[in-house]
Amino acid sequence: MTRVRVEGFTVSLDGYGAGPNQDINNPLGVGGRDLHQWLVTTRTFQRTLFGKDGGTTGVDDEFAARGFENMGAWILGRNMFDPNRGDWPDKNWKGWWGDNPPYHVPTFVLTHYARPPIEMEGGTTFHFVTGGIREALDRAREAAAGKDVRIGGGANTIRQYLREGLIDELHIAIAPILLGRGEPLFEGIDLPALGYQCVQCVGSEKATHVVLRRQARGG
């Protein structure tokens, strides 16, 4: 059965999933790069992003690796794909990751502006969805063919899916940094009222890993 999951989404101690002022030089906003110190050295990240052997193992790598297990499709917000706003100013832009993005499955990008699909190396095809979060999820479920769907972010996209009760499980990594400003992950979200409970909490030197799961209603 297809589950909808958030994996490896990192927030600061003050709750921000990205820093302010995202642009081409700061894809995660100012200071946002520091959120992912737990991730970038892991064996999973080095292999998935750069095709390299080596990297750290242990708790951080275990959580990084689980984020790719049984994934059949991804959903991304527009800002996770492109630094610009409005209509597509540069049709040559194909994402932040080069010719071989780390997804390797159909990936659905939420946007208000239509664009033809883009086939990339390694099995990733970007599909641009203008009909909202439910249309994107319906298409992602179909593409996943029984595997899980990963909501990759950003924070606003995750909030939209949370409000509709559409996410089954979230792995949140809490980084020991303060951003002060940026994109708050849980602003306006009442997680207990939506049925979410913390089912796992594990610490490493660089992050605290928390797993939240939505409990079945009436059971």
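Quick caveat: nothing in here was measured; it's all calculated off a predicted structure. (Residues numbered from 1 in each chain as written. Predicted model: local features only at pLDDT ≥ 70, side-chain atom pairs only at ≥ 80, totals over all residues. Heavy atoms only, no water.)

## Describing helix α3 (residues 59-66)
And then number 1: Residues Asp 60, Asp 61, Phe 63, Ala 64 and Arg 66 constitute the buried set of α3.
And then number 2: Looking at the buried positions of α3, the neighbouring elements they touch are β1 (4-11), α1 (37-40), α2 (43-50), β7 (169-174), β8 (196-203) and β9 (208-214). (Buried < 20%, exposed > 50% of the residue type's maximum accessible area, 1.4 Å probe, protein only. Helix = DSSP H or I, 4+ residues; strand = E, 2+ residues; numbered from the N terminus. Contact = heavy atoms within 4.5 Å.)

## Some thoughts on the environment of Pro 192
And then number 1: With respect to the element layout, Pro 192 can be found in the loop between β7 and β8.
And then number 2: Look at Pro 192 and you get exposed, because its relative accessible area is 64%.
And then number 3: Here the alpha-carbon distance between Pro 192 and Trp 38, two residues 154 residues apart in the chain, equals 27 Å.

## Comments concerning the nonpolar core
Looking at soluble globular proteins, one finds that nonpolar side chains tend to be buried together.
And then number 1: Counting 31 residues, the largest nonpolar core has Ile 75, Ile 158, Tyr 161, Ile 167 and Leu 170 as the members making the most contacts within it.
And then number 2: Counting residues per element, the ones that place at least two in this core are β1, β2 (71-76), β3 (106-110), α5 (133-144), β6 (148-153), α6 (155-163), β7 and β9.
And then number 3: It is α5 that contributes the most residues to this core, five residues altogether.
And then number 4: For Leu 170, the contacting residues outside a window of four places in its chain are Val 6, Ile 158, Leu 162, Tyr 196, Val 210, Val 211 and Leu 212.
And then number 5: Counting 13 residues, the second-largest nonpolar core is a separate cluster that includes Trp 74, Phe 81, Tyr 103 and Met 120. (Core = buried A, V, L, I, M, F, W, Y, C linked by side-chain atoms within 4.5 Å.)

## Structural notes on the UniProt feature "domain: Bacterial bifunctional deaminase-reductase C-terminal" (unreviewed entry) in the protein
And then number 1: Those places that UniProt annotates as "domain: Bacterial bifunctional deaminase-reductase C-terminal" (unreviewed entry) correspond, in this numbering, to residues 9-201.
And then number 2: From the first C-alpha to the last, residues 9-201 spans 14 Å; its make-up is 23% helix and 20% strand. (UniProt positions renumbered as here; feature names shortened; annotations may be inferred.)

## What about the packing of aromatic side chains?
And then number 1: For the structure shown, the criterion picks out 12 aromatic pairs.
And then number 2: Plain terms: the ring middles of Trp 74 and Tyr 103 are 4.5 Å apart, the flat faces sit at 70 degrees to each other, and that makes the pair edge-to-face. Taken together, the residues span a long stretch of sequence, with Trp 74 in strand β2 and Tyr 103 in the loop between α4 (78-81) and β3 at a distance of 29 residues. For the pair formed by Trp 74 and Tyr 103, the shared burial category is buried.
And then number 3: Their ring planes at 75 degrees and their centres at 5.3 Å tell us that Phe 81 and Phe 128 sit as a pair that is edge-to-face. With a gap of 47 residues between them, Phe 81 in helix α4 and Phe 128 in strand β5 (residues 125-129) connect regions that are remote in the sequence. (Phe/Tyr/Trp six-rings, centres within 6.5 Å; stacked < 30°, edge-to-face > 60°.)

## Quick notes on the environment of Met 80
And then number 1: Tracing the sequence through the fold places Met 80 in helix α4.
And then number 2: When the C-alpha atoms of Met 80 and Ala 155 are compared, they prove to be 9.9 Å apart, with 75 residues separating the residues in sequence.
And then number 3: If we skip the residues at most four places from it in the chain, Met 80 touches Trp 96, Trp 97, Gly 152, Gly 153 and Gly 154.

## Considering the environment of Leu 110
And then number 1: Looking at the element boundaries, Leu 110 is found in strand β3.
And then number 2: Between the C-alpha atoms of Leu 110 and Leu 76, which are 34 residues apart in sequence, the distance is 6.3 Å.
And then number 3: Setting aside residues no more than four positions away along its own chain, Leu 110 makes contact with Ile 75, Leu 76, Gly 77, Arg 78, Val 129, Gly 132, Ile 133, Ala 136, Thr 157 and Tyr 161.

## Considerations on the pattern of salt bridges
And then number 1: Summed over all chains, the structure comprises 11 salt bridges.
And then number 2: Where Arg 66 meets Glu 169, a salt bridge forms, and the shortest distance between an N and an O atom there is 2.8 Å. Residue Arg 66 is located in helix α3, and its partner Glu 169 is located in strand β7; the two are separated by 103 residues in the primary sequence.
And then number 3: The exposure class of Arg 66 is buried, given its relative accessible area of 17%. (Salt bridge = Lys/Arg side-chain N within 4 Å of Asp/Glu carboxyl O.)

## Examining the sheet that holds β5
And then number 1: Across the sheet, nine strands lie side by side as β4-β5-β3-β2-β6-β1-β7-β9-β8; this open sheet has mixed pairing. Only two strands of the sheet have a single partner each, and these edge strands are β4 (118-119) and β8.
And then number 2: As judged from the three bridges shared by β2 and β3, these two strands associate in the parallel manner. Counted as the bridge partner of Ile 75 is Phe 108 from β3. (Pairing = 2+ DSSP bridges.)

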